[in-house]
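Residues per chain are reported as follows:
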Amino acid sequence: MPAVSVVLPAFNAVSTIFRAVRSILDQAFSNLECIVVDDGSTDGTAEVLSDMCDDRLQVLSLPHQGVASAMNAGVRLARAPLIARMDADDYSHRHRLQKQIEYLHECGVDVTGCQVHILNGKGSPVMSMRRYEHWINHETPNHEMIMALRFVELPIVNPTILAKRSYFELECRSDDFPEDYDLMLRAASAGLRFGKVPEKLLDWVDSTGRLTRSDVRYTDAAFMQCRRYHLQNGPLHDVRQVDLWGLGKTGKPWLRWLKDQGFTVRQAYEVDSRKVGKKIQGVPVLPPEQLPTADGTPLIVAVGAAGARELIRQHIQPHGYKMGQDTWFVA
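Just so you know, these numbers come straight off a predicted model, no measurement behind them.

Draft legend 1. Highlighting the state of the cysteines. Applying the stated rule across the entire model yields zero disulfides. Residue Cys53 stays outside any disulfide, its sulfur separated by 14 Å from that of Cys34, the closest cysteine. Cys107 takes part in no disulfide bond, and the closest cysteine sulfur, belonging to Cys114, lies 14 Å away. According to the relative accessible area criterion, Cys107 is partly exposed, its value standing at 41%.

Draft legend 2. Structural detail: the nonpolar core. Among the nonpolar cores identified, the biggest contains 55 residues, and Leu8, Ile17, Val21, Val36 and Trp245 are the most heavily contacted of them. Among the elements that take part in this core, helix H1 (residues 17-25) stands out by supplying five residues, more than any other. Among all residues touching Val36, those that are not within four sequence positions of it are Leu8, Ala10, Ile17, Val21, Leu49, Leu57, Gln58, Val59 and Leu60. With 53 residues, the next largest nonpolar core counts Ala68, Ala188, Trp257 and Val330 among its residues.

Draft legend 3. The arrangement of the sheet that holds strand S3 (residues 57-62) in detail. Reading across the sheet, the eight strands line up as S3-S2-S1-S4-S7-S6-S8-S5 and stay open at both edges, with mixed pairing between neighbours. Among the strands making up the open sheet, the edge pair consists of S3 and strand S5 (91-92). Relative to strand S8 (residues 194-205), strand S6 (residues 111-119) is paired through nine bridges, and the arrangement is parallel. Looking at the pairing, Val111 lines up with Phe194 of S8. Contacts from helix H4 (residues 96-107) reach strand S1 (4-10), strand S2 (32-39), strand S4 (82-85), S5, S6, strand S7 (162-164) and S8 within the one sheet, and its direction differs from that of S8 by about 165 degrees.

Draft legend 4. How the structure looks around the sheet that holds strand S12 (residues 283-286). The strand order across the open sheet built from six strands is S11-S12-S10-S9-S13-S14, with neighbouring strands paired in mixed fashion. Each of the sheet's edge strands pairs with one partner strand only, and the pair in question is strand S11 (279-280) and strand S14 (327-330). In terms of strand pairing, S11 meets S12 through two bridges, oriented antiparallel. Counted as the bridge partner of Ile280 is Val283 from S12. Running over the sheet, helix H11 (residues 251-260) touches strand S9 (241-245), strand S10 (264-269), S11, S12, strand S13 (299-302) and S14 and is turned about 170 degrees from S9.

Draft legend 5. Fine view of helix H10 (residues 220-233). Between its terminal C-alpha atoms H10 stretches 20 Å, which fits the 20 Å expected from 14 residues at 1.5 Å a residue. Those residues of H10 not exposed but buried are Ala222, Phe223, Cys226, Arg227, Arg228, His230 and Leu231. On its buried face, H10 sits against helix H8 (179-189), H11 and S14.

Draft legend 6. Region of the structure containing the pattern of salt bridges. Tallying each qualifying case throughout the model produces 19 salt bridges. With a closest N to O distance of 3.4 Å, Arg76 and Glu171 form a salt bridge. Note that Arg76 is positioned in helix H3 (residues 67-77) and Glu171 in the loop between helix H7 (165-168) and H8, a separation of 95 residues in sequence. Judged by its relative accessible area of 33%, Glu171 is partly exposed. As a salt-bridge pair, Arg274 and Asp272 come within 3.0 Å of each other at their nearest N and O atoms. In this structure Arg274 comes out as exposed when scored by relative accessible area, which is 61%. By sharing partners, the salt bridges in this structure join Arg22, Asp26, Asp54 and Arg56 into a single network.

Here is what the cut-offs are and how they apply
Residues numbered from 1 in each chain as written. Predicted model: local features only at pLDDT ≥ 70, side-chain atom pairs only at ≥ 80, totals over all residues. Heavy atoms only, no water. Disulfide = S-S within 2.5 Å. Buried < 20%, exposed > 50% of the residue type's maximum accessible area, 1.4 Å probe, protein only. Core = buried A, V, L, I, M, F, W, Y, C linked by side-chain atoms within 4.5 Å. Helix = DSSP H or I, 4+ residues; strand = E, 2+ residues; numbered from the N terminus. Contact = heavy atoms within 4.5 Å. Pairing = 2+ DSSP bridges. Axes fitted to C-alpha atoms, helices over the stretch in contact; angles between N-to-C directions. Expected span 1.5 Å × (residues − 1). Salt bridge = Lys/Arg side-chain N within 4 Å of Asp/Glu carboxyl O.

Shown next, in the form of structure tokens:
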């Protein structure tokens, strides 16, 4: 019985599949199985896999149905109590699984990720992704902050995930939402605990052919629809009144959405003195200095400026607000 099953969906990955699979089979932690789900490839991916000889490698060939169905099929075949994700164009560093397994057990979490290098197909840093890479790598790895940030985006890259079976048994859904983000948010609502190894253990290859670049389910609009659905049906379920921090470019659309959904926005907080003391869409705008002690009213923080979230967190925590319990950041 392997200790961990690595599930790797692949579709037309002939140029990268060998390196990706090899990076799993060559892990320092060797008590594993690697399940490659060939999702109807037509480019020679199957031939590359057939030439790889290792008793720990299984190949499941299916008609093309998409990454969600492929991932679910691989999970059903997996035998281990822990399951890890891997993509067909990425590269896992040698100690990735070992360090994630150790972190999962030592920190008592259900789902772990790690930091990443974001590279192009030639192995060079992707300059347009540098700010995102910095954010994904430097956000604190503890569960509470991950929960507080999950409606911005869960600061864990999907192909880095290693988790208990209970996470993957929630299954990826094939609908209008990005299947990985939707799964993470459903797992968070189910009470699973998240953490992240603070080391770069995976090379995440950003290419023009990647699903996140080409599929309508990964557009900004799809992510927004997903986060709003899960916020409304998760932390804000049975809640009718909230407070809002931020009425700038990020905050104003959230104010409109909250009011359109029937929420009462009791008051808003702004650092822009031109807005303080006024009413915007009928909501009184107060300075941060007038933030009251937490009274159970959810606080939605809608800011996008670099560094602003950390400054706001430092300001509100002395007032009794708890990250991921009554306070959530949104984007």
